[in-house]
Amino acid sequence: MIEYGTFKHKLLSTMVIAGEYPYKSLDLMMESPIRKREVINQLKDKGYIDIKTVSGIKRIRFKMFDKKKNEYCQDLFKGAELYKPNEKVRVSARKLERIDRIAEVLIMMMEAGINVTDEEKPEISNMEVIEETDERIPYFITSLEARAAIEIKEDKGKGSRFHGTMVSSGGLYNIYNMGDSMMEWVRPSEYTAVDFNLQYQMHVLPWGKLYKEWYGKSAIIFSRSMEYVVDFVKGNVTPRHGHGTSKNLVNINNYYDHTFYLPLSYQGQVMLNMMALKNWHYYLVGLFYKKEDLASKEVKMSIACDATQDGCYSLVFMDGDIGRLKKFVNQDIMPENYGQYKILCYDFQEEVVKKLAPKGMDVIAFDFEKITNGFYDVYEQFNAETEDSQK
């Protein structure tokens, strides 16, 4: 019996959906290294998996899936036995890279409490209207499921690099995973991901329009390096060869209204979990500012700040929104206005944010654990008070 939510369950479920799993990405699973090795050795001894190095990367693959699947698939999720995981050695490096990245996305979702398996989420192809109170929310839609469900513009998404879409009470986010390197962006194909996002909201999540700021055109980018934030903000991202020239650089704000840059790590999983909660951004900013200090819609649109207090404009970059960071730091600050602009960020974001902040703009870093723990304390307290008032 494979217990739900265990390392073994998450590993095998991810391998079934994605096809295999990159060994180096075991660090994304919240389990001790010793326990991970024990489980992997057990699975190898039973003949369920094998470990092979292909294209220079160590990979965990199924062994004789069709013959062995009845021994464990029923313990994973309903319909697991219908998948066709990759057991071939000869697969193109580009396809293997795609498999690695979707596998990492699935684990990030699972660790963040986002439903990914068929039995946990709606049948995507049915395009049924989902109520905001549906217990299957939050859930993740793979890009393959997206393309099968909706007639997406621009040749059904051919060339688009998005890995799927996360549906939650906190927002509808297209998901990208850059892994260790900068992702090659494709125009105009990337607009197909935006098109799916908009269509899915319109047909399935009509209540999403109540939270217009976070629905419609929002994305999350996972990456193992914070350094690429500099490239996005400074506009040093080039399209894939053949889809533009070096003079026609990628401006992330041309794709999405909000693009959140999350580390491919435990911190990113916590941030992902927070972003799935209703009105999450309001409570995050509320840890630092009172309601009367929050920036007006007009101010937020002009300089992308979250609050104004004592003549100082503040951006809370703890959401990782690189689109808003780009707008905020690209200001010409006159000497007489030095000290009137500041960015609040997590400790792991500090180094890269300081590289981008212009002279006269202050950067204040906070401990990640303290802030996120404080966020959940406030959020849970508010929800408890709300429930009491409704009794």
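Residues numbered from 1 in each chain as written. Predicted model: local features only at pLDDT ≥ 70, side-chain atom pairs only at ≥ 80, totals over all residues. Heavy atoms only, no water.

**What about empty space enclosed by the protein?**
Item 1. Inspection of every chain in the model, using the stated rule, returns 1 cavity of 30 Å³ or more.
Item 2. What the largest cavity holds in volume is close to 30 Å³.
Item 3. Lining the largest cavity are Met271, Met274, Met275, Trp280, Leu284, Met318, Asp319 and Tyr346.
Item 4. A class-by-class count of the residues in the lining of the largest cavity yields 7 nonpolar, no polar and 1 charged. (1 Å grid on protein atoms, 1.4 Å probe; cavity = no way out; pocket = protein on both sides within 12 Å on 5 of 7 lines; lining within 4 Å. Points joined across faces, edges and corners; volume = space filled by probe spheres on them. Nonpolar A, V, L, I, M, F, W, Y, C, P; charged D, E, K, R; others polar.)

**Describing the packing of aromatic side chains**
Item 1. Counted according to the given criterion, the structure contains 22 aromatic pairs.
Item 2. Here the aromatic rings of Tyr176 and Tyr256 are separated by 6.1 Å at their centres, their planes lie at 75 degrees, and the arrangement is edge-to-face. Of the two residues, Tyr176 sits in strand β6 (residues 171-177) while Tyr256 sits in the loop between α8 (228-234) and β8 (258-263), which places them 80 residues apart along the sequence. Summarising the burial analysis for this pair, Tyr176 and Tyr256 share the class buried.
Item 3. What links up through ring pairs into an aromatic cluster is the set Tyr282, Tyr283, Phe375, Tyr376, Tyr379 and Phe382.
Item 4. The positively charged end of Lys58 is found above the aromatic ring belonging to Tyr23, 4.2 Å away from the centroid. (Phe/Tyr/Trp six-rings, centres within 6.5 Å; stacked < 30°, edge-to-face > 60°. Helix = DSSP H or I, 4+ residues; strand = E, 2+ residues; numbered from the N terminus. Buried < 20%, exposed > 50% of the residue type's maximum accessible area, 1.4 Å probe, protein only. Lys NZ or Arg CZ within 6 Å of the ring centre and 35° of its normal.)

**Side note on the environment of Asp321**
Item 1. Along the chain, Asp321 falls in the loop between β10 (312-316) and α12 (322-329).
Item 2. With relative accessibility at 1%, the residue Asp321 sits in the buried group.
Item 3. The sequence separation of Asp321 and Tyr261 amounts to 60 residues, and the corresponding C-alpha distance is 6.2 Å.
Item 4. Contacts of Asp321, omitting those with residues within four sequence positions, involve His258, Thr259 and Phe260.
Item 5. Reaching out from Asp321, the side chain makes a polar contact with the backbone nitrogen of Gly323 at a distance of 3.1 Å. (Contact = heavy atoms within 4.5 Å. Polar contact = N/O pair within 3.5 Å; in protein donor to acceptor, adjacent residues only side chain to side chain.)

**Topic: the nonpolar core**
Item 1. Membership of the largest hydrophobic core comes to 65 residues, with the highest contact counts inside it found for Leu11, Tyr21, Met109 and Phe222.
Item 2. The element contributing the most residues to this core is helix α4 (residues 93-111), with 8 residues.
Item 3. Setting aside anything within four residues of it in sequence, one finds Met109 in contact with Ile114, Val116, Phe140, Met166, Ile175, Phe222 and Leu272.
Item 4. One finds Ala193, Phe196, Trp207 and Phe317 within the second-largest nonpolar core, a separate group that totals 55 residues. (Core = buried A, V, L, I, M, F, W, Y, C linked by side-chain atoms within 4.5 Å.)

**Looking at the environment of Ile107**
Item 1. With respect to the helices and strands, Ile107 occurs in helix α4.
Item 2. The buried category is assigned to Ile107, whose relative accessible area is 0%.
Item 3. The spacing of Ile107 and Tyr21 is 86 residues in sequence and 9.9 Å in space, taken between C-alpha atoms.
Item 4. Beyond its immediate stretch of four places on either side in the chain, Ile107 contacts Lys10, Thr14, Tyr21, Leu28 and Met29.

**A short note on the environment of Thr117**
Item 1. Relative to the helices and strands, Thr117 is located in the loop between α4 and β4 (139-142).
Item 2. For Thr117 and Phe77, which are 40 residues apart along the polypeptide, the C-alpha to C-alpha distance reads 6.7 Å.
Item 3. A polar side-chain atom of Thr117 sits 2.8 Å from a polar atom in the side chain of Glu120.

**Things to note about the confidence of the model for the protein chain**
Detailed reading of the predicted model is not advised wherever pLDDT is low.
Item 1. Confidence along the protein chain averages 87 in pLDDT terms, with 88% of residues attaining 70 or more.
Item 2. In the model of the protein chain, helix α6 (residues 153-156) stands out as the element of lowest mean pLDDT, 49, in contrast to helix α9 (residues 266-275), which has the highest, 97.
Item 3. When the criterion is pLDDT under 50, residues 243-247 qualifies, and its contacts beyond four places in sequence or with other chains add up to 4 contacts. (pLDDT = per-residue confidence, 0-100.)

**A look at the sheet that holds strand β1 (residues 21-22)**
Item 1. Taking strand neighbours across the sheet as the criterion, the 3 strands line up as β1-β3-β2 in an open arrangement whose pairing is antiparallel. Here the strands that pair on one side only, and so sit at the sheet edges, are β1 and β2 (49-54).
Item 2. For β1 and strand β3 (residues 57-62), the ladder comprises 2 bridges, and the chain directions are antiparallel. Following the sheet pairing, Tyr21 is matched in β3 by Ile60.
Item 3. Contacts from helix α2 (residues 33-45) reach β2 and β3, with the element oriented near 105 degrees to β2. (Pairing = 2+ DSSP bridges. Axes fitted to C-alpha atoms, helices over the stretch in contact; angles between N-to-C directions.)

**Some details on the packing of helix α1 (residues 7-18) against α2**
Helix-helix packing is characterised by the crossing angle of the two axes and by the distance between the axes.
Item 1. Where α1 meets α2, the axes come as close as 10 Å, and the angle between the chain directions of the two elements is 55 degrees. In terms of axis orientation, α1 runs oblique to α2. Crossing of α1 over α2 shows right-handed handedness. Contacts between α1 and α2 involve Phe7, Lys8, Leu11 and Leu12 from the former and Lys36, Val39, Ile40, Gln42 and Leu43 from the latter.
Item 2. Within the contact of α1 with α2, the residues separate by chemical class into 6 nonpolar, 1 polar and 2 charged. (Parallel < 35°, antiparallel > 145°, perpendicular 65-115°, else oblique. Left-handed = near helix turned anticlockwise from the far one by under 90°.)

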